Amino acid sequence: MNSVFRSTARCLRSATWQYKTAHKNGELSVGRARLMCSSAGQKNLEEMVKKDKVVVFMKGTPAQPMCGFSNAVVQILRMHGVDNYASYNVLDDQDVRQGIKTFSNWPTIPQVFFNGEFVGGCDILLQMHQSGDLVEELQKLGIRSALLDQEKESK
């Protein structure tokens, strides 16, 4: 069991996983696999989440979401008048798809970031929208929610 811990620690330090495979003829072959947990991969993701005030990792694009949850996030942002944000289609790059899940410690896509901080996925953004917290969070980013203007017009 200690060898597993040592191997895992080596993996995290070197960003590679060394594996050994025993063949039927008795030979032992050794290989290495590069992991997305590498500091370079994490640094790249850190730069990506800080690219804009609002960043969304989603399936598809804002113009053409490829899943209902990604579409819901786009629609919620649209209702608040948030049209300018960075989005990344995780279907285009499996390393980004898996890497962002590891980076945020969140298992699902879409993922929303405000000022480089992980907010959550579709369910959390929907709860924030329903409770009014999203309006406040957008204000902290210097973004005025379009829903505030709609409330004034209806009075």
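Counting restarts for each chain: residues are numbered from 1 in the order of the written sequence. The predicted nature of this model means local features are confined to residues of pLDDT at least 70 and side-chain atom pairs, given and counted, to a pLDDT of 80 or more, with totals for whole chains, interfaces and linings taken over all residues. Remark: hydrogens and water are excluded; side-chain values derive from all non-hydrogen atoms of the structure.

1. Quick notes on the UniProt feature "binding site: [2Fe-2S] cluster" in the protein
Filter applied, for reference: UniProt positions are given in the numbering used here, feature names are shortened, and annotations may be inferred rather than shown by experiment. Put simply, DSSP H or I for four residues or longer makes a helix, DSSP E for two residues or longer makes a strand, and each gets a number counted from the N terminus.
This chain's UniProt record puts "binding site: [2Fe-2S] cluster" on C67. Here C67 lies in the loop between β3 (54-58) and α3 (68-79).

2. Details of the packing of helix α5 (residues 122-131) against helix α6 (residues 133-140)
Any two packed helices are characterised by how steeply their axes cross, that is the angle between the axes, and by the distance between the axes. How we decide: Fitted lines through C-alpha atoms serve as axes, helices being fitted only where they are in contact, and the angles separating the N-to-C directions of these axes extend from 0 to 180 degrees. These descriptions rest on fixed angle ranges, namely under 35 degrees for roughly parallel, over 145 for roughly antiparallel, 65 to 115 for roughly perpendicular, and the rest for oblique. Only heavy atoms matter for contacts: two residues are in contact if any of them lie within 4.5 Å across the pair. When residues are grouped by polarity, Ala, Val, Leu, Ile, Met, Phe, Trp, Tyr, Cys and Pro land in nonpolar, Asp, Glu, Lys and Arg in charged, and all others, Gly among them, in polar.
Viewed as axis vectors pointing N to C, α5 and α6 meet at an angle of 100 degrees, and their least axial separation amounts to 5 Å. One element, α5, and the other, α6, form an angle in the roughly perpendicular class. Judged by residue contacts, L125, M128, H129 and S131 of α5 engage D133, L134 and E137 from α6. Of the residues belonging to the contact of α5 with α6, the class tally is three nonpolar, two polar and two charged.

3. Quick word on the pairing of strand β4 (residues 86-89)
What counts, and what does not: Any two strands are treated as partners once DSSP identifies two or more bridges connecting them. A right-handed crossover is one whose linking path, passing over the helix from the first strand to the second, runs clockwise when the strands point away from the viewer.
Inspection of the sheet shows β3 paired to β4 by four bridges, in the parallel sense. The partner of V55 across the bridge, within β4, is A86. For the crossover from β3 across α3 to β4, the handedness is right-handed.

4. Some remarks on unusual backbone geometry
Applied cut-off: We call a residue buried when its accessible area falls under 20% of the maximum for its residue type, exposed when it is over 50%, and partly exposed in between, using a 1.4 Å probe and counting protein chains only.
Cis peptide bonds are those with omega within 30 degrees of zero, and the linkage from I109 to P110 qualifies with 10 degrees. Mapping P110 onto the fold places it in the loop between α4 (94-104) and β5 (111-114). If you check the backbone angles, N105 has positive phi at about 60 degrees while not being a glycine. With respect to the element layout, N105 can be found in the loop between α4 and β5. The exposed category is assigned to N105, whose relative accessible area is 68%. One non-glycine residue, N115, lies in positive phi territory at about 50 degrees. With respect to the helices and strands, the residue N115 is situated in the loop between β5 and β6 (117-120).

5. Here we look at the sheet that holds β3
Pairing within the open sheet is mixed, and its four strands lie in the order β4-β3-β5-β6. Two strands lie at the open edges of the sheet, namely β4 and β6, each paired on one side alone. Across this sheet, the average inter-strand angle for adjacent strands is 25 degrees, counted without regard to direction. Sheet analysis places β3 next to β5, joined by four bridges and oriented antiparallel. In the strand pairing of β5, V55 is matched with F113. Where α3 meets the sheet, its contacts fall on β3 and β5, and the angle it forms with β3 comes to roughly 160 degrees. In this fold α4 packs onto β3, β5 and β6, with an angle of close to 60 degrees to the strand it touches most, β5.

6. Description of the UniProt feature "binding site: glutathione" in the protein
Look at the UniProt record and you will see "binding site: glutathione" annotated at K59, R97, Q98, G99, I100, K101, I109, C122 and D123. In this fold, Q98 is placed in helix α4. The exposure class assigned to Q98 is partly exposed, which follows from its relative accessible area of 46%. Residue position: K101 is located in helix α4. Beyond its immediate stretch of four places on either side in the chain, K101 contacts W106, P107, I109 and Q111.

7. Comments concerning the pattern of salt bridges
As a working rule, side chains carrying opposite charge can pair if their charged atoms are close by. Rule in force here: Criterion for a salt bridge: a side-chain nitrogen of Lys or Arg within 4 Å of a carboxyl oxygen of Asp or Glu.
Under the criterion given, the structure shown has three salt bridges. Close ionic contact of K50 with E46 constitutes a salt bridge, the shortest N to O distance being 3.4 Å.

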